[in-house]
Amino acid sequence: MKQATDNSNSIATLTLEQETNPWEAQSLRFDEAARRLNLDAGIWKVLRYPSREIIVHIPVGMDDGSIEVFTGYRVQHSSSRGPCKGGIRYAPDVSLDEVRALASWMTWKCAVVNIPFGGAKGGVICDPKKMSQGELERMTRRYTAELIEFLGPEKDVPAPDMGTDEQTMAWIMDTYSMHMRQTMTSVVTGKPVSLGGSRGRKEATGRGVSVVTDEAMKHLNMRPEDTKVVVQGFGNVGSNTAHFLWKKGYKVVGIAEWDGGLYNANGLDISELLEYRAKNGTIHGFKEGEAYDKDELLLSAVDVLIPAATENVITSRNAAKLRCRVLVEGANGPTTPIADEILADKGVFVIPDILANTGGVTTSYFEWVQDRMGYFWTEKEVNERLDRIMTDSFQDVLQYSIAHGVNNRIAAYMLAVDRVAYTTKQRGFYA
């Protein structure tokens, strides 16, 4: 097969701006995997870029009588293995490059766990914390209507992400159903259970992170009860990850939030911390833990560090100072390519995002399947299926890493790119 070389970039030549650009980071890892796979030049070009990028400008009547126009995106990276799949995030700093990268990552995630979806992602530039429920509903419904011809159970299936939740998905499902003149529950996942959502979906990403952490412990001959963990981020992914690990006997010694951290060398009682936050709206002031600098927590001497919040948390500026033995990426893109090289030199065992946080999309796949057949599984059945897929996928990536002499991240990309390239070539190109 002809090898393409013109797209290959050198990590060493990345500028600081490129280092923290999620699209650049994703492209660099893809190029490295494609190069090592000796990927056909034409397939390389096809998979390197999204198949469709949509920008919409959404007029919304605000509660004070004014009209605001919000910018929204939907990027569909690949549908060669099945319908596109990916979340929608509402945040002030949403950008096309970010959505483009997240859509590509979704393609690779679905391929790593071998489920029949391609990747997509959506986003709207807004601050949901400053908007009323009515404003959010009107914006969501108009955003959905603008994208109506591109969405569907066999086309593109959205899900929640940062700033969105099951209520957002219910609005999208209802809007789409009204346009189709029939109830179409399978157009989105992450819905309320009463509207066709799957049991276990809300906790799925955190559960998946805990499962691959367990597998890493077995591989490295470490015991959970002797393992100290710091979790960065205490949103849905971080809080569920911490809770699952705590229940399994790990010592969760630190939680880092955007506005500060919490630390207890003997381990925090995560169940009590969750109750405290539910009552007080914050983790700060929790008596069992001392206040701690959030950035210093990432650098503390622990066995496992789990970034579970946003991109670019571990960069060239702090990677050399990390003292963890295992890094499990609960968030998307928390580690930059330059930081990757530093961590490799330090011998840190990294479980990359496109494997570690796939519990969410895997259970979204379960939800889509259940909606389409009209029969719903128990939470135990959902969890057993998820655990099996996460365990098998960890072993697939680990064996790929050993066989090809690469780190886990490149192994995961190689496995994913190989699977997507295979189906793309099998299908051929319609013209």
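For the structure itself, look to the data block above.
Since we're looking at a predicted model, the values are computed, not measured.

## Side note on the sheet that holds strand β3 (residues 84–91)
The strands that make up a sheet are held in pairs by hydrogen bonds between backbone atoms, and each pair lies either parallel or antiparallel.
(1) Moving on: Read from one edge of the open sheet, 5 strands run β1-β2-β4-β3-β5, paired in mixed fashion. A strand with exactly one partner marks an edge of an open sheet, and here the two such strands are β1 (52–61) and β5 (156–160). Averaged over all pairs of adjacent strands, the angle between strand axes in this sheet comes to 25°, irrespective of strand direction.
(2) Moving on: When β1 meets strand β2 (residues 67–76), the two strands line up antiparallel, connected through 10 bridges.

## Some details on the sheet that holds strand β12 (residues 349–351)
(1) Moving on: In space, the 7 strands of this open sheet follow the order β9-β8-β7-β6-β10-β11-β12, with mixed pairing throughout. Sheet topology places β9 (290–292) and β12 at the edges, where each strand pairs with a single neighbour. Across the sheet, the mean angle separating the axes of adjacent strands is 20° when strand polarity is ignored.
(2) Moving on: The sheet contact formed by strand β7 (residues 251–257) and strand β8 (residues 260–263) spans 4 bridges and is antiparallel. The residue of β8 that forms the bridge with I255 is L262.

## Notes on the layout of surface pockets
(1) Moving on: Reported here for the second largest pocket is a volume of approximately 420 Å³.
(2) Moving on: What lines the second largest pocket is a set of 20 residues, among which S51, S78, S79, S80 and R427 lie closest to the centre.
(3) Moving on: Contributions of two or more residues to the lining of the second largest pocket are made by α3 (41–48) and α15 (408–427).
(4) Moving on: A per-class count over the lining of the second largest pocket returns 8 nonpolar, 8 polar and 4 charged.

## Let's talk about the pattern of salt bridges
(1) Moving on: This structure, assessed with the given rule, holds 30 salt bridges.
(2) Moving on: Taking the shortest distance from any N to any O, the salt bridge between R223 and E225 comes out at 3.3 Å.
(3) Moving on: Since its relative accessible area comes to 48%, R223 is described here as partly exposed.
(4) Moving on: The shortest N-O distance in the salt bridge between D353 and R409 comes to 3.6 Å. Pair noted here: D353 is in helix α12 (residues 353–356) and R409 is in helix α15, with a separation of 56 residues, a long-range link. Considered together, D353 and R409 belong to a single accessibility category, that of buried residues.

## Quick look at unusual backbone geometry
(1) Moving on: The residue N114 is not glycine, and still its phi comes out positive at about 60°.
(2) Moving on: Mapped onto the elements, N114 comes out in the loop between α4 (96–112) and β4 (118–125).
(3) Moving on: Take N114: its relative accessible area is 47%, and that puts it in the partly exposed class.
(4) Moving on: For R181, which is not a glycine, the phi torsion comes out positive at approximately 65°.

## Some points on helix α14 (residues 379–404)
(1) Moving on: Compared with the 38 Å implied by 1.5 Å per residue over 26 residues, the 37 Å span of α14 between its first and last C-alpha is a close match.
(2) Moving on: For α14, the complete set of buried residues consists of V382, N383, L386, I389, M390, S393, F394, V397, L398, Y400 and S401.

## What about the nonpolar core?
(1) Moving on: By size, the foremost hydrophobic cluster in this structure holds 76 residues, and its most contacted members are W108, I255, I306, V326, V328 and I351.
(2) Moving on: Examining the composition of this core, we find that 10 residues originate from one element, α15, more than from any other.
(3) Moving on: Not counting chain neighbours up to four residues away, the residues in contact with I306 comprise V209, T213, V229, V230, V231, Q232, T241, L245, V328 and G330.
(4) Moving on: The next biggest cluster of nonpolar side chains, apart from the first, holds 25 residues, and it includes V124, M131, Y143 and L151.

Criteria and thresholds
Residues numbered from 1 in each chain as written. Predicted model: local features only at pLDDT ≥ 70, side-chain atom pairs only at ≥ 80, totals over all residues. Heavy atoms only, no water. Pairing = 2+ DSSP bridges. Helix = DSSP H or I, 4+ residues; strand = E, 2+ residues; numbered from the N terminus. Axes fitted to C-alpha atoms, helices over the stretch in contact; angles between N-to-C directions. 1 Å grid on protein atoms, 1.4 Å probe; cavity = no way out; pocket = protein on both sides within 12 Å on 5 of 7 lines; lining within 4 Å. Points joined across faces, edges and corners; volume = space filled by probe spheres on them. Nonpolar A, V, L, I, M, F, W, Y, C, P; charged D, E, K, R; others polar. Salt bridge = Lys/Arg side-chain N within 4 Å of Asp/Glu carboxyl O. Buried < 20%, exposed > 50% of the residue type's maximum accessible area, 1.4 Å probe, protein only. Expected span 1.5 Å × (residues − 1). Core = buried A, V, L, I, M, F, W, Y, C linked by side-chain atoms within 4.5 Å. Contact = heavy atoms within 4.5 Å.

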